[in-house]
Amino acid sequence: MKETRKDIASFWEQLEKTIDQLLVSRSDDRFEADSLLKKYRDQLQKIDRNLTFHFERDDESEGPVEMIFGCDGFPESIATVLSLIGAAPNVKGINFKAFNHRYDPVPTHVHVGDELCEIKDFWFSLRQVNGRLHLEVYMEDVPKVLDMDPRVEAVMIFLDALIGEYELMTRIWALDWFEKPVAPEDFGFIPLSRLREVFDDIKVDSRPVGITLH
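Residues numbered from 1 in each chain as written. Predicted model: local features only at pLDDT ≥ 70, side-chain atom pairs only at ≥ 80, totals over all residues. Heavy atoms only, no water.

The next point concerns helix H2 (residues 34-47). Taking 1.5 Å of rise per residue, 14 residues should cover 20 Å, and H2 covers 20 Å from first to last C-alpha, within 8% of that figure. Where H2 is concerned, the buried positions are Leu36, Leu37, Tyr40, Gln43, Leu44 and Ile47. The buried residues of H2 occupy one face: seen down the axis, they fall within an arc of 125 degrees. For H2, exposure combined with an orientation more than 90 degrees from the buried face picks out Ser35 and Lys46. (Helix = DSSP H or I, 4+ residues; strand = E, 2+ residues; numbered from the N terminus. Expected span 1.5 Å × (residues − 1). Buried < 20%, exposed > 50% of the residue type's maximum accessible area, 1.4 Å probe, protein only. Arc of directions from axis to C-beta.)

If you want it as structure tokens, here you go:
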């Protein structure tokens, strides 16, 4: 734990020294200072190998850049993310946040690599089993290797937008993937875009647990 605190302090010290360089390098919607971004990633890996980060900014509001930290869906690293944010300094022009929050409005589509993925193509079923929430996602041509399909990454982006990364990790006990039938509504399945309302209706009766991917 002492080493973790030391590594966290070292990360923020390095970031404070270099963040101006990073912000100046911003071109359109991305940063060009790749060497700095790599240093940040390398330092975060020393703290916890599951730590991730990305940047967001609402160009219409001209507000500060947001640097959002997560743990790639691994609930065992939630405490590390919270410790990291708890030690964050005040830096002009940038806000530090833990986890991807819900989006309003929820995006109707996302680009993952060269593939356009639309939320209307995915359906779900959410069940409570012994106080634990089981989420089933239905899609066409379910891949044998989930990590190899950009649609899976797209669904995870939609899930973050719909219910938030933190609640996804702490309320969903299991996430399973199944082939979408020709008429999913005939089986009682629901369009993925409606997940938030269904989730919010039943989450209070569920136990907070970790996520298991199958």
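There's plenty left to go through after this.
The N-to-C vectors of helix H4 (residues 150-163) and helix H6 (residues 195-202) enclose an angle of 55 degrees; their axes lie 9 Å apart at closest approach. Considered as vectors, H4 and H6 are oriented oblique to each other. Pair H4 / H6 crosses with right-handed handedness. Between H4 and H6, the contacting residues are Leu159, Ala161, Leu162 and Ile163 on the first element and Leu195, Arg196 and Phe199 on the second. Grouping the constituent residues of the contact of H4 with H6 by class yields 6 nonpolar, no polar and 1 charged. (Axes fitted to C-alpha atoms, helices over the stretch in contact; angles between N-to-C directions. Parallel < 35°, antiparallel > 145°, perpendicular 65-115°, else oblique. Left-handed = near helix turned anticlockwise from the far one by under 90°. Contact = heavy atoms within 4.5 Å. Nonpolar A, V, L, I, M, F, W, Y, C, P; charged D, E, K, R; others polar.)

Glancing now at the environment of Arg26. On the secondary structure map, Arg26 appears in strand S1 (residues 26-27). Overall, Arg26 belongs to the partly exposed group, its relative accessible area being 27%. Considering only alpha carbons, one finds Arg26 and Leu146, 120 residues apart in sequence, at a separation of 33 Å.

Here the focus is the sheet that holds strand S4 (residues 65-70). Strands pair in a sheet through their backbones, by hydrogen bonds, and they do so in one of two ways: parallel or antiparallel. With mixed pairing, 3 strands are arranged side by side in an open sheet as S3-S4-S5. The sheet is open, and its two edges are formed by strand S3 (52-56) and strand S5 (94-98), each paired on a single side. The mean angle between the axes of side-by-side strands here comes to 25 degrees, regardless of whether they run parallel or antiparallel. In this sheet, S4 lies alongside S3 in antiparallel orientation, the contact comprising 5 bridges. Opposite Thr52, over in S4, you have Gly70 as the bridge partner. (Pairing = 2+ DSSP bridges.)

Our next topic: the environment of Tyr138. Structurally, Tyr138 can be placed in strand S9 (residues 132-139). C-alpha of Tyr138 to C-alpha of Trp123: the two residues are 15 residues apart in sequence and 5.0 Å apart in space. Setting aside residues no more than four positions away along its own chain, Tyr138 makes contact with Asp121, Phe122, Trp123, Phe124, Ser125, Phe178, Glu179, Lys180, Pro181 and Phe189. Polar side-chain contacts of Tyr138 include one of 2.6 Å to the side chain of Glu136. (Polar contact = N/O pair within 3.5 Å; in protein donor to acceptor, adjacent residues only side chain to side chain.)

So, on to the pattern of salt bridges. Under the defined criterion, the tally for this structure stands at 14 salt bridges. Two residues, Lys203 and Glu167, come together in a salt bridge whose shortest N-O distance is 3.1 Å. Placement of Lys203 in the loop between H6 and strand S12 (212-213) and of Glu167 in helix H5 (residues 165-171) is noted, with a sequence separation of 36 residues between them. Here Lys203 ties to Asp200 by a salt bridge, and the two come within 3.6 Å at their closest N and O atoms. One connected set of salt bridges, linked through shared partners, spans Arg102, Glu167, Asp200 and Lys203. (Salt bridge = Lys/Arg side-chain N within 4 Å of Asp/Glu carboxyl O.)

Of the pockets and cavities examined, the largest pocket occupies roughly 1,200 Å³. Forming the walls of the largest pocket are 34 residues, and the residues nearest its centre are Asn100, Glu153, Met156, Ile157 and Asp160. For the lining of the largest pocket, the elements supplying multiple residues, two or more each, are S3, S4, strand S6 (109-112), H4, H5 and S12. Per-element tally for the lining of the largest pocket: the top contributor is H4, with 7 residues. Of the residues in the lining of the largest pocket, the class split is 20 nonpolar, 7 polar and 7 charged. (1 Å grid on protein atoms, 1.4 Å probe; cavity = no way out; pocket = protein on both sides within 12 Å on 5 of 7 lines; lining within 4 Å. Points joined across faces, edges and corners; volume = space filled by probe spheres on them.)

Our focus in this paragraph is unusual backbone geometry. Of note, the amide linkage connecting Asp104 to Pro105 takes the cis form, showing an omega dihedral of -5 degrees. Inspection of the secondary structure puts Pro105 in the loop between S5 and S6. Even without a glycine there, the phi angle at Asp72 is positive, about 55 degrees. Take Asp72: it is sitting in the loop between S4 and helix H3 (78-86). Classification of Asp72 as exposed rests on a relative accessible area of 56%. Phi angles above zero are rare outside glycine, and Asn130 is one such case at about 55 degrees. Tracing the chain through its elements places Asn130 in the loop between strand S8 (123-129) and S9.

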